[in-house]
Amino acid sequence: MENVEFDPRLVQATSVNAPDDGVPGQKAAQPKALKITAASSNPKMFTLPWHKPLSQWPADLLANLPRGISRHVVRFVRVGNDVYAMKEITQSVAQREYELLRQLEKIDVPSVKPIAVVTGRHDRDGKPLESMLVTQHLKFSLPYRALFARNLREDTADRLIDALAVLLVRLHLIGFYWGDVSLSNVLFLRDADCFAAVLVDAETGELYPQLTEGQREYDIDLARTNIIGELMDLSSGKLLPDDVDEVEVGNRLVERYHSLWSALTDVESFSPDEMWKIEKRVNRLNELGFDVDELEMNTSEDGNRVRVRPRVVDAGYASRKLLRLTGLDVQENQARRLLNDLDAYRTSTWRQGEDLEIVATDWMREVFEPTVRMIPAEYRSQIEPAQFFHEVLTHRWYLAEKVGHDVPMAEAVNSYIDTVLPNYKLDAKVMDAINADADAGVVDDEDSYGDDGYGSDYNPDYDPDAAVWAS
């Protein structure tokens, strides 16, 4: 492996986690008093009932949101104007995952935002309670089981797998070894006609300057196995369409991952009169949503071939462009759709010669903002404005196809609100069933975890390249 260093943003990152004073290899000592280590200050954090097990917190503090399956007790808690995800877990794992999520946040990896680690919890009788990892609830996100509980398209499984493949490639590019890839360990955001995946569980993860092929392939193989099992579980619960082949979907992840990894990392060879292919390669990477920072070019000794290796910075090509033009911070495919509508507006108003920044300001005022202001109040926590706008455009197109002429935007919005938007609501019984399933996965007792706090299947000395357990 070539000599690779950590991303400088990680090297320069400062930690707010106090060093562990325990003896290496031994379980860290539990603080005698409550200790909250937080990356951001919210004074209401101190008023929460930390002396009670999370499963016993009063209902008036909880937000009734769908939860994913977890080995630990998880609840969404209202803290002032914020909603936090609280996870009861052992102290060493809570501190380690908190630090890892902070590192991922520094380098703009799609992951939940870490808020705090709470240690030194005791009940009224002085009995120690598990520590707590606190993360920001990701608005508009859903666990995969909640998505399948809705009336979605037949290709939903494929679209979720595509999103997970993109996330896994992004993580591997920055040297993150996941160690527990599954649908359960991500949240999904709607991204136009696709989904975007966000890492939510990093307990077994590790950051390296660069991953070996063995580490990447182990993550991929584990992902395939876990996904097939999760989809079979959905099928047994009658949540998966009958025509979905669980094994085929699992194989799709492997294929999509390798295809994307190849597009982003392969070294191509051109003859001197084929240099136009370099621009084609860069354009293709941009279409995939990735920025190219620089190109490494080497000429063969005889001068007949040029080898080109792109240095990919990160995903978000379209979203960064839209953010620069309008200030809207949205998902990549949403950004593409909004940019396309902006281009259509520019053409329809005969303003191709004007600066795009000026046209974008008018488009925001005349098109985008009036549309999203029509979102009914009861749905504003259910759907992102950019996703609403995208779906209204799609609905408007279908209406125009049906009637044979253009449909005014306001009419399309009202029709969409009446006929499509209600599908975003989860029935109360369905919500209860999803959360009951989530709680059924909890195996949070001390016998299931060693002194290090990891599950019995976790071994930090495992070497994916060697494919054996280290002694």
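Above: the structure in question.
Quick look at the structure, then.

What counts and what doesn't
Residues numbered from 1 in each chain as written. Predicted model: local features only at pLDDT ≥ 70, side-chain atom pairs only at ≥ 80, totals over all residues. Heavy atoms only, no water. Phe/Tyr/Trp six-rings, centres within 6.5 Å; stacked < 30°, edge-to-face > 60°. Buried < 20%, exposed > 50% of the residue type's maximum accessible area, 1.4 Å probe, protein only. Helix = DSSP H or I, 4+ residues; strand = E, 2+ residues; numbered from the N terminus. Pairing = 2+ DSSP bridges. Axes fitted to C-alpha atoms, helices over the stretch in contact; angles between N-to-C directions. Salt bridge = Lys/Arg side-chain N within 4 Å of Asp/Glu carboxyl O.

1. Focus on the packing of aromatic side chains
Point 1. For the structure on display, the rule yields nine aromatic pairs.
Point 2. On the basis of an interplanar angle of 75 degrees and a centroid distance of 5.4 Å, the ring pair of Trp50 and Trp57 is categorised as edge-to-face. An identical accessibility class is assigned to Trp50 and Trp57; each is buried.
Point 3. Between the aromatic rings of Trp363 and Phe389, the centroid separation amounts to 5.8 Å while the plane-to-plane angle is 80 degrees, which identifies the pairing as edge-to-face. Of this pair, Trp363 sits in helix α10 (residues 356–372) while Phe389 is found in helix α11 (residues 385–403), placing the two residues 26 residues apart along the sequence.
Point 4. We classify Trp363 as buried; its relative accessible area is 0%.

2. A closer look at the sheet that holds strand β1 (residues 35–38)
Hydrogen bonding along the main chain pairs the strands of a sheet, whether they run parallel or antiparallel.
Point 1. Pairing is antiparallel in the open sheet, where five strands are placed in the order β1-β4-β5-β3-β2. A strand with exactly one partner marks an edge of an open sheet, and here the two such strands are β1 and β2 (74–79). On average, adjacent strands in this sheet sit at an angle of 25 degrees to one another, irrespective of strand direction.
Point 2. Sheet analysis places strand β4 (residues 114–119) next to strand β5 (residues 131–136), joined by four bridges and oriented antiparallel.

3. A closer look at the pairing of strand β8 (residues 194–199)
Point 1. Across the six residues that make up β8, a large majority, five, are buried.
Point 2. With six bridges joining them, strand β7 (residues 186–191) and β8 adopt antiparallel strand pairing. Paired with Val186 across the strands is Leu199, a residue of β8.
Point 3. Once β7 ends, the chain turns through two residues before running back antiparallel as β8, passing Ala192 with a positive phi of about 55 degrees.

4. Let's talk about the pattern of salt bridges
It is possible for side chains bearing opposite charge to pair when their charged atoms get close.
Point 1. Under the criterion given, the structure shown has 18 salt bridges.
Point 2. Across the pair Arg71 and Asp180 runs a salt bridge, and its minimum N-O distance is 3.5 Å. Taken together, the residues Arg71 in the loop between β1 and β2 and Asp180 in the loop between β6 (176–177) and β7 connect sequence positions 109 residues apart.
Point 3. According to the relative accessible area criterion, Arg71 is partly exposed, its value standing at 31%.
Point 4. Take Asp180: its relative accessible area is 16%, and that puts it in the buried class.

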